[in-house]
Amino acid sequence: MITEVRLRPLRNADFDRVLQLERQLFGRGAWTYGMLADELAGLGRWYIVAEPERLDRAGEQPVVGYAGLWFDGDVTQIMTIGVDPDVQRHGVGRQLMDALIERSRKVKAEAVLLEVRVDNQPAIEMYRDFGFEILGVRKRYYQPEDVDAYTMRLDLNAAAHPTDAPVESPVDAPNDTPDDATGDAA
């Protein structure tokens, strides 16, 4: 049983686990190793993972969630957020989202943008809880599944969503080294 999770920068050593979760969560639309590596090498990227802090086990624990964003100088774009199905609905996604929004504020972004599958109701509800609004629909955005996506936006000038958990070192970590980086908003 997970009692708490700790957020930290994504490292190269996390690639295999993140890609395993990608395939589990996103099927044929999952990122490949090359796609992940290319994403992490991009300027303005910032990626984190969530790992459990368990009281019932010692040693390293497998990553149970990951998320990342891209800052273009005006807005941040959430590139991905994913949580192991075994620990979904335990607050991991919310902690990751809190960290992404906090990072967006720290870099002085005006807004946060994301895309989400129109059939991913749990994610849509979570994003709405954070104050995101649907801007429109991108037809056939998710490939090869041919599924539409909502484009959503959080105006950071108007948003005052308090963070549920303190964000530790990942917010202060550099955002331009591949070891600190992951991708696709769910």
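The structure under discussion appears in the preceding block.
This is a predicted model, so every value here is computed, not measured.

> Provide a residue-level description of the overall build of the protein, including the pertinent values.
Broken down by element type, the protein carries four helices and seven strands. Element order for the protein, N to C, with α for helix and β for strand: β-α-α-β-β-β-α-β-α-β-β. As presented, the protein carries roughly 9400 Å² of accessible surface, and 48% of it is formed by carbon and sulfur atoms.

> How would you explain the environment of Tyr142 if you had to name every residue and give the values?
Along the polypeptide, Tyr142 turns up in strand β6 (residues 133–142). Along the chain, Tyr142 and Val116 lie 26 residues apart, while their C-alpha atoms are 9.0 Å from each other. Among the polar contacts listed, one links the side chain of Tyr142 to the backbone oxygen of Glu115, at a separation of 3.2 Å.

> Describe the sheet that holds strand β1 (residues 4–9), naming the residues involved and giving the relevant values.
Here we have seven strands laid out as an open sheet, ordered β1-β2-β3-β4-β5-β7-β6, and mixed in their pairing. At either end of the open sheet lies a strand with only one pairing partner, and these are β1 and β6. The average undirected angle you get between the axes of adjacent strands in this sheet is 25°. Sheet topology places β1 next to strand β2 (residues 45–53); six bridges connect them, and they run antiparallel. Paired with Arg6 across the bridge in β2 is Glu51. Each of β4 (75–83), β5 (111–117), β6 and β7 (147–155) touches helix α4 (residues 121–129); the most contacted strand, β5, lies at about 165° to it.

> Would you mind going over the layout of surface pockets in detail, with residue names and values included?
Taken as a whole, the second largest pocket holds about 200 Å³ of empty space. Every residue lining the second largest pocket is listed: Arg8, Arg11, Ala13, Asp14, Asp16, Arg17, Glu51, Pro52, Glu60, Gln61, Pro62 and Val63. Listing elements by their share of the lining of the second largest pocket, those giving two or more residues are α1 (15–26) and β2. The residue inventory of the lining of the second largest pocket, partitioned by class, reads four nonpolar, one polar and seven charged.

> Please give an account of the packing of helix α3 (residues 92–106) against α4 that cites residues and values.
Running from amino to carboxyl end, α3 crosses α4 at an angle of 45°, the nearest separation of the two axes being 11 Å. The angle between α3 and α4 falls in the class oblique. The interaxial crossing formed by α3 with α4 has right-handed handedness. Seen from α3, the contacting residues are Gly93, Arg94 and Met97; seen from α4, they are Met126, Tyr127 and Asp129.

> Residue-level account of α3, with values.
Between the first and last C-alpha of α3 there are 21 Å, a value that for 15 residues agrees with the 21 Å anticipated at 1.5 Å per step. When we look at burial in α3, the residues that qualify are Val92, Gly93, Leu96, Met97, Asp98, Ala99, Leu100, Ile101, Arg103 and Ser104.

> So what's going on with unusual backbone geometry? Residues and values would help.
Note the cis peptide between Gln143 and Pro144, where omega equals 10°. Inspection of the secondary structure assignment puts Pro144 in the loop between β6 and β7. The backbone of Arg89 sits at a positive phi, close to 70°, despite the residue not being glycine. Relative to the elements of secondary structure, Arg89 occurs in the loop between β4 and α3. Within the chain, Lys108 stands out as a residue other than glycine whose phi angle is a positive 65°.

> A description of the packing of α1 against helix α2 (residues 33–41) should follow, citing residues and the corresponding values.
A packed helix pair is summarised by two numbers, namely the angle formed by the two axes and the spacing between the axes. Closest axis-to-axis distance for the α1/α2 pair is 10 Å, and the angle between their directions is 115°. α1 and α2 meet at a crossing whose hand is right-handed. Here Phe15, Val18 and Leu19 of α1 lie close against α2, whose contacting residues are Tyr33, Leu36, Ala37 and Leu40. Here the contact of α1 with α2 is composed, by residue class, of seven nonpolar, no polar and no charged.

What counts and how
Residues numbered from 1 in each chain as written. Predicted model: local features only at pLDDT ≥ 70, side-chain atom pairs only at ≥ 80, totals over all residues. Heavy atoms only, no water. Helix = DSSP H or I, 4+ residues; strand = E, 2+ residues; numbered from the N terminus. Areas by Shrake-Rupley, 256 points an atom, 1.4 Å probe, with all protein chains shown as cover. Polar contact = N/O pair within 3.5 Å; in protein donor to acceptor, adjacent residues only side chain to side chain. Pairing = 2+ DSSP bridges. Axes fitted to C-alpha atoms, helices over the stretch in contact; angles between N-to-C directions. Contact = heavy atoms within 4.5 Å. 1 Å grid on protein atoms, 1.4 Å probe; cavity = no way out; pocket = protein on both sides within 12 Å on 5 of 7 lines; lining within 4 Å. Points joined across faces, edges and corners; volume = space filled by probe spheres on them. Nonpolar A, V, L, I, M, F, W, Y, C, P; charged D, E, K, R; others polar. Parallel < 35°, antiparallel > 145°, perpendicular 65-115°, else oblique. Left-handed = near helix turned anticlockwise from the far one by under 90°. Expected span 1.5 Å × (residues − 1). Buried < 20%, exposed > 50% of the residue type's maximum accessible area, 1.4 Å probe, protein only.

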